[in-house]
Amino acid sequence: MRPFSLFLLGALAAPASAQTPWQAGDSIGLIRRAVSHRTRRDADTLLAAWQATARGVVRFASEVDHGSGPVERIIRADELLVEVYGEAPNRSKQTIVAWRDTSFLPNRVNYHRDHLGIVANDFGELIRLGDGEEVRDVLHPLTARGLERYQFRLGDTTVIVMGAQRLRVVAVDVRPADPAQPAAVGTLYLDADRAALVRFRFTFTPASYRDATVEGITVTLDNALLENAAWLPWRQSIVIRRGSSWLDLPIRTILRADWSIENYVLGGPHPDARFRGAPIAGLTRPTHDSAWATPLVERLDALPATDADVAAAEADAMRALGGHLLDGLPAARLAAHGVSDIVRVNRVQGVTPFLGFRLAPGGGLTLRLLAGIGSADHRMVGRVAVERAIGGVVGTLRAERMIEDIGGVPTISGALNSLRTAISGVDLGDYVRRDRVTLGIRLPIGGARAEFDIGVERSRSVATVFTGLNGRSDPNPPLGLGRATTLHGRLGQHDQSGNGWTVSAEVGSSRVRDWLRIDLAVRGTHQLGLGALQWHAMGGLGTSELPAERSFLLGGRSTLPGVAYRSIGGSRAAWADLAWLLPVALPTPRVPRTPHVRLPSAVGPFVAAGVAGGSVAAPWQATGRVEPVAGLRLDLWGPLLRLEAGVSMRTGRVGVTLDVHPDWWPVL
């Protein structure tokens, strides 16, 4: 069974190309046969009763959008062993016989019971998830009523040869006749000869979600051919993405349940008592017994990738619905790019509260508004953006007036910088006021993410007007450029851990100068012995007329600890950081209601070096001299925090920093 199933799964991964127009289900013979097959499938005496073993891993994770791509952190993982029993007509029972869990960050997660078992009969007539609290009573497309409420489109036929047998599998797109109603949207793969369901990959229309925190759900059900007679569950994946129902932030949580079903025994009656009680019985909590051969952490590394299926299902569904967004969250919400978009403190504005709003009226449109006013300079700032999504392509028109740090790459979390500025007056930003109107587009290219925009802007210097509680007030450098026209492009590809690459380019023109700036950033992680080798490198090159506000800056925290903060910079620069972090057992803070908590920490040496050339009219210096740094890095509890100490190998100066781990900075 398994070699054929693996080959089949690879063959079905390709999208359908030879498509026919959308049609009602009762006008397509294959769809009518598939509905009939599902109605009578359990009448086969061979499958009157069956049993199997299901192994699953359920992961609950956070996902933070870093602009170039999301970074995922596993919060909790559970592994389960489940005995599955089936019998005609459509009766099933599941018993959890082994269950273990581990928490990597503090949490109070309680799963719906049906997320701890498999889909035993591809949902039957009505699809329910989350014990009916996430999705309830959504009509399955392959039902008598589904023929009326869904539209179907035939795609490619894949012919698979297995011995003397030739199997034909047809891809069929499915969508609701009325996208405003609760319904499934996706692709059915049908055995053309048996009219049996081989694979069903789908998501839902927004009206399907009963929980206001559900952003989207993607389901993939793969079946395997047994005894050359019937298709039964083999692989399953359910991905549930959640956000806040009232505040739009660049963070969401993801529940991933990945299952494999094997060890089938066909035929033989089950006692009536087996199907009594709850559909999923057995253990009610993790027990951590000796049923597991390998550590749970190793199982996480070996799990199949589900993001490709999720992205493909979402893109196919949006195309099928004419570009409609599939976001199940409320259309109107408060919005912020992070805590610093709610309130921030800097030396050129003082305390600045913001109010943001997001509205998604439908048709792929999204409107974003943000407005704030500085307590010290009384200056209004904000932005208005209109987005239109068509399939995987998003176009944006944006107008804004913002106070921005010119560094480009974050060096400190926004919340910590606001706290430092308020107390000590030491602000690590160098600011300009930028009035800008841009027209942009974001789209996938292969496995990468591309962004392009063209805009007109005016940047002006701003002066320090705020003093910290200790009376300190550092001047802000004059950096305003005036009016300019810019064309910007960025292309990048990153995995769930944030590893990958980004290359960007900007062409600009003002009354007094024209410039070109190109920069590249790469990041990677590799296992080396007991630890992880982490490396990060950036390089940039600008023309001689590059404005000071477009400078490449190095020195201090996050780049060269031990070198004075942003003391070197210019129109070209290069920087690299290499660390070897080893897991270390440190006392874990007590986490209430999280009994099996594993908050991992890591410690190890790092080396970094940077150089900048091409002088610009600014406080930093283009020395053209490589500045090497060595030190020790400690990632704490999850990691939630990063403690770093570095020493300049030229001057002996020491720099020590403590901050939230950079993976969480976009939220702060």
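Residues numbered from 1 in each chain as written. Predicted model: local features only at pLDDT ≥ 70, side-chain atom pairs only at ≥ 80, totals over all residues. Heavy atoms only, no water.

**A word on the overall build of the chain**
Inference 1: Helix and strand counts for the chain come out as six helices and 34 strands.
Inference 2: Since a compact globule built from 668 residues should have a radius of gyration of about 26 Å, the 28 Å found for the chain is in line with a globular shape.
Inference 3: Expressed as lengths along the three principal axes of its C-alpha atoms, the size of the chain is roughly 85 × 55 × 45 Å.
Inference 4: A total of 668 residues make up the chain; the buried ones form 49% of that total.
Inference 5: Sequence-distant contacts, at least 24 apart, represent 62% of the contacts inside the chain between residues at least 6 apart.
Inference 6: With an accessible surface of roughly 29,300 Å², the chain has 58% of that area assigned to carbon and sulfur atoms. (Helix = DSSP H or I, 4+ residues; strand = E, 2+ residues; numbered from the N terminus. Rg over C-alpha atoms; globule rule 2.2 N^0.38 Å. Buried < 20%, exposed > 50% of the residue type's maximum accessible area, 1.4 Å probe, protein only. Contact = heavy atoms within 4.5 Å. Areas by Shrake-Rupley, 256 points an atom, 1.4 Å probe, with all protein chains shown as cover.)

**Describing the packing of aromatic side chains**
Inference 1: Enumeration over the complete set of coordinates arrives at five aromatic pairs.
Inference 2: Residues Trp 50 and Tyr 264 carry aromatic rings whose centres are separated by 5.6 Å and whose planes lie at 45 degrees to one another, so their mutual orientation is tilted. On the criterion of sequence distance, the pair formed by Trp 50 in strand S2 (residues 49–65) and Tyr 264 in strand S14 (residues 251–266) is long-range, its members being 214 residues apart. Both residues of the pair, Trp 50 and Tyr 264, count as buried.
Inference 3: Here the aromatic rings of Phe 123 and Phe 202 are separated by 6.2 Å at their centres, their planes lie at 80 degrees, and the arrangement is edge-to-face. Here Phe 202 lies in strand S10 (residues 196–204) and Phe 123 lies in the loop between strand S4 (91–103) and strand S5 (126–129), a separation of 79 residues in the sequence. The same class applies to Phe 123 as to Phe 202, namely buried.
Inference 4: Taken together, the aromatic side chains of Phe 123, Phe 200, Phe 202, Phe 204 and Tyr 209 make up a single cluster linked through ring pairs.
Inference 5: In this structure, Arg 274 is placed above the aromatic ring of Tyr 85, and the distance from its NZ or CZ to the ring centre is 4.0 Å.
Inference 6: Across from the ring centre of Phe 606, 4.4 Å away, lies the NZ or CZ of Arg 633, which sits over that ring. (Phe/Tyr/Trp six-rings, centres within 6.5 Å; stacked < 30°, edge-to-face > 60°. Lys NZ or Arg CZ within 6 Å of the ring centre and 35° of its normal.)

**What about the pairing of strand S30 (residues 572–584)?**
On a regular strand, one side chain projects to one face of the sheet and the next to the other, so that they alternate.
Inference 1: Inspection of the sheet shows strand S27 (residues 531–542) paired to S30 by ten bridges, in the antiparallel sense. Counted as the bridge partner of His 536 is Asp 577 from S30. (Pairing = 2+ DSSP bridges.)

**Section: the nonpolar core**
Inference 1: In terms of nonpolar packing, the biggest core is built from 63 residues, with Leu 188, Leu 190, Phe 204, Ile 217 and Val 219 touching the most fellow members.
Inference 2: Top contributing element to this core by residue count: S2, with six residues.
Inference 3: Among residues more than four places away in sequence, those in contact with Leu 190 are Leu 30, Ile 31, Ala 34, Leu 142, Arg 168, Val 169, Val 170, Val 172, Ala 196, Leu 197 and Val 198.
Inference 4: Counting 18 residues, the second-largest nonpolar core is a separate cluster that includes Phe 552, Leu 554, Trp 575 and Leu 581. (Core = buried A, V, L, I, M, F, W, Y, C linked by side-chain atoms within 4.5 Å.)

**What about helix H6 (residues 414–424)?**
Inference 1: The complete set of buried residues in H6 reads Asn 417, Ser 418 and Thr 421. Taken around the axis of H6, the buried residues stretch over an arc of 100 degrees, which confines them to a single face.
Inference 2: Tucked into the core, H6 has its buried residues touching strand S17 (343–346) and strand S22 (431–445).
Inference 3: Positive phi shows up at Gly 425, right after H6, with a value of about 80 degrees. (Arc of directions from axis to C-beta.)

**Section: the environment of Trp 664**
Inference 1: Turning to its location among the elements, Trp 664 is positioned in the segment after strand S34 (654–660).
Inference 2: On the basis of relative accessible area, Trp 664 is assigned to the buried category, the value being 12%.
Inference 3: C-alpha of Trp 664 to C-alpha of Leu 640: the two residues are 24 residues apart in sequence and 7.9 Å apart in space.
Inference 4: Not counting the four nearest positions on each side in its chain, Trp 664 is found in contact with Ser 62, Val 64, Arg 73, Leu 105, Ile 251, Pro 639 and Leu 640.

**Regarding a nonpolar patch on the surface**
Inference 1: Taken together, Leu 365, Val 386, Leu 397, Val 437, Leu 439, Ile 454, Leu 487, Val 503, Val 507, Leu 516, Ile 518 and Leu 520 make up a surface patch of nonpolar side chains, about 950 Å² in accessible area.
Inference 2: Counting only elements with at least two residues in the nonpolar patch, the list comes to S22, strand S25 (500–510) and strand S26 (514–528).
Inference 3: Take the nonpolar patch: its biggest share by element is three residues, from S26.
Inference 4: Here Leu 439 lies in strand S22. (Patch = residues over 30% accessible without salt bridge, like charges linked within 9 Å, V, L, I, M, F, W, Y side chains within 5 Å. Salt bridge = Lys/Arg side-chain N within 4 Å of Asp/Glu carboxyl O.)

**Re the side chain of Thr 143**
Inference 1: Tracing the sequence through the fold places Thr 143 in the loop between strand S6 (135–139) and helix H3 (146–149).
Inference 2: The buried category is assigned to Thr 143, whose relative accessible area is 7%.
Inference 3: Setting aside its immediate chain neighbours within four residues, Thr 143 contacts Val 35, Arg 38 and Glu 125.

**Quick word on the pairing of strand S33 (residues 641–648)**
Inference 1: Side chains Arg 642, Glu 644, Gly 646 and Ser 648 project from S33 onto a buried face, and the interleaved Leu 641, Leu 643, Ala 645 and Val 647 project onto a face without burial.
Inference 2: Here strand S32 (residues 627–636) folds back onto S33, and the loop between the two strands holds four residues, one of which, Trp 637, carries a positive phi near 55 degrees.
Inference 3: Sheet topology places S33 next to S34; seven bridges connect them, and they run antiparallel. When the bridges of S34 are listed, Ala 645 appears paired with Val 656.
Inference 4: Taking the residues between adjacent antiparallel strands as the criterion, S33 and S34 are bridged by five residues, where Gly 652 takes a positive phi near 80 degrees.

**Focus on helix H2 (residues 29–40)**
Inference 1: The end-to-end C-alpha distance of H2, which contains twelve residues, comes to 17 Å, matching closely the 16 Å that a straight helix rising 1.5 Å per residue would cover.
Inference 2: The complete set of buried residues in H2 reads Leu 30, Ile 31, Ala 34, Val 35 and Arg 38. Buried residues of H2, seen end-on, are gathered within an arc of 140 degrees and therefore sit on one face of the element. Exposed residues pointing more than 90 degrees away from the buried face of H2 are listed as Thr 39 and Arg 40. (Expected span 1.5 Å × (residues − 1).)

**Observations concerning unusual backbone geometry**
The bulk of non-glycine residues show a negative phi, and the bulk of peptide bonds are trans.
Inference 1: Put simply, Gly 638 and Pro 639 share a cis peptide bond, and its omega is 0 degrees.
Inference 2: Along the chain, Pro 639 turns up in the loop between S32 and S33.

**Looking at the side chain of Arg 633**
Inference 1: Looking at the element boundaries, Arg 633 is found in strand S32.
Inference 2: When neighbours within four sequence positions are excluded, Arg 633 is seen to be in contact with Asp 577, Ala 579, Leu 581, Ala 602, Val 603, Gly 604, Phe 606, Arg 642, Leu 643 and Glu 644.

**Focus on a positive patch on the surface**
Inference 1: Positive charge collects at one region of the surface, where Arg 458, Arg 460, Arg 483 and Arg 511 lie side by side.
Inference 2: Take Arg 483: it is sitting in strand S24 (residues 482–494). (Lys, Arg positive; Asp, Glu negative; His and termini not counted. Charge placed at Lys NZ, Arg CZ, Asp CG, Glu CD.)

**A word on the confidence of the model for the chain**
Inference 1: Summarising the model, the chain shows a mean pLDDT of 87, and 92% of its residues fall at 70 or more.
Inference 2: Taken together, the stretch residues 1–11 has pLDDT below 50 and engages in 25 contacts with residues farther than four places along the chain or on a different chain.
Inference 3: This stretch, residues 13–17, has a pLDDT under 50; its non-local contacts, to residues over four places away or in other chains, come to six contacts. (pLDDT = per-residue confidence, 0-100.)

**A look at the environment of Trp 22**
Inference 1: Along the chain, the position of Trp 22 falls in the loop between helix H1 (2–12) and strand S1 (23–24).
Inference 2: The residues contacting Trp 22, other than those within four sequence positions of it, are Gln 151, Phe 152, Arg 153, Asp 173, Val 174, Arg 175 and Ala 320.

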